[in-house]
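Analysis of the macromolecular model
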Amino acid sequence: AYGKILYRDAEAILQRMAATIDEISDARHQPMGSISIAAPPSFMATYMANVILGFAEECPAVRICAVEASTGAVYTHLASGEVDLAIVLQPANTARLLLRELVVQPLLVIAAPD
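To keep things clear, this report deals only with the structure shown in the data block.

Rules of the game
- Residue numbering note: each chain is counted from 1, following its sequence as written.
- Side-chain atom pairs in this predicted model are given and counted only at pLDDT of 80 or more, local residue features only at pLDDT of at least 70, and totals for whole chains, interfaces and linings cover all residues.
- Only hydrogens and water are set aside; all other atoms, that is, all heavy atoms of the structure, feed into the side-chain values.
- A run of H or I in DSSP becomes a helix once it reaches four residues, and a run of E becomes a strand once it reaches two; helices and strands are each numbered from the N terminus.
- For a compact globule the rule gives 2.2 Å times the number of residues to the power 0.38, and the radius of gyration it is set against comes from C-alpha atoms.
- A 1.4 Å probe rolled over the protein chains alone gives each residue an accessible area, and that area as a share of the maximum for its type sets the label: buried under 20%, exposed over 50%, partly exposed in between.
- Contacts are residue-level and defined by heavy atoms, with any inter-residue pair within 4.5 Å sufficient.
- The method behind every accessible area is Shrake-Rupley, applied with a 1.4 Å probe, and residues are considered shielded solely by the protein chains displayed.
- To count toward a patch, a residue needs a relative accessible area above 30% and no salt bridge. Like charges then connect within 9 Å, nonpolar side chains (Val, Leu, Ile, Met, Phe, Trp, Tyr) within 5 Å.
- Any Lys or Arg side-chain nitrogen found within 4 Å of a carboxyl oxygen on Asp or Glu counts as a salt bridge.
- The arc refers to the directions leading from the helix axis to the C-beta atoms.
- Each pair of strands is called paired provided DSSP finds at least two bridges between the two strands.
- Geometry of aromatic contacts follows a simple scheme: Phe, Tyr and Trp rings, the Trp one being its six-membered ring, pair when their centres are within 6.5 Å, and the pair is stacked under 30 degrees between planes, edge-to-face over 60, tilted otherwise.

Overview of the overall build of the chain
Scanning the chain for helices and strands turns up three helices and three strands. When the helices and strands of the chain are read in sequence order from the N terminus, they spell out α-β-α-β-α-β. Expected size for 114 residues packed as a compact globule is a radius of gyration near 13 Å; at 25 Å, the chain overshoots this value by more than 25%. Taking the principal axes of the C-alpha coordinates as reference, the chain spans close to 100 × 35 × 20 Å. Within the chain, buried positions represent 15% of all 114 residues. Long-range contacts, defined here as pairs at least 24 residues apart, represent 61% of the contacts in the chain between residues at least 6 apart. Summed over all atoms, the accessible surface of the chain reaches about 9,400 Å², with 60% contributed by carbon and sulfur.

Observations regarding a nonpolar patch on the surface
Residues Ile-13, Leu-14 and Met-17 make up a contiguous nonpolar surface patch of roughly 310 Å² in combined accessible area. With respect to the secondary-structure elements, Met-17 resides in helix α1 (residues 2–28).

Re helix α3 (residues 71–79)
Residues of α3 that are buried include every one of Val-74, Tyr-75 and His-77, and no others. Down the axis of α3, the sector holding all buried residues measures 160°, keeping them to one side. On its buried face, α3 sits against β1 (33–39), β2 (62–68) and β3 (85–86). After α3 finishes, the residue Gly-81 shows a positive phi value of roughly 85°.

Considering the sheet that holds β3
Taken in spatial order, the three strands make up an open sheet running β2-β1-β3, and their pairing is parallel. Each edge of the open sheet is held by one strand with a lone partner, namely β2 and β3.

Description of the packing of aromatic side chains
Two numbers describe a pair of aromatic rings. These are the distance of the centres and the angle of the planes. Applying the stated criterion to the full structure yields one aromatic pair. The interplanar angle of 40° and the centroid separation of 5.1 Å between the aromatic rings of Phe-43 and Tyr-47 together place this pair among those described as tilted. Taken together, the residues span about one helical turn, with Phe-43 and Tyr-47 both in helix α2 (residues 41–58) at a distance of four residues. Note on Phe-43: relative accessible area 12%, which makes it buried. Overall, the relative accessible area of 28% leaves Tyr-47 in the partly exposed class.

Here you go:
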């Protein structure tokens, strides 16, 4: 009788331990924490909502903080460590930052024919 009680409880404990190990393994592959991104107003208005929505779908356990600032201020936020990532319209002339081009957009001027 004692062995049956022990076996029943041990089996439940081992199943719970296996489930916990699976949860930990899944969590290891799911990014967690927070990320902060600074970008100029034009990027914020045009793209940031979609960036945040897409990122939130891929990494729901990550908190996103978006900071809107001029291009110069974006670099200042990044250099000071206030943000983790910066999106800029013009590349900085420094070797201290890793730059990766995301998109190329043409700049157009529109005017009346006269």
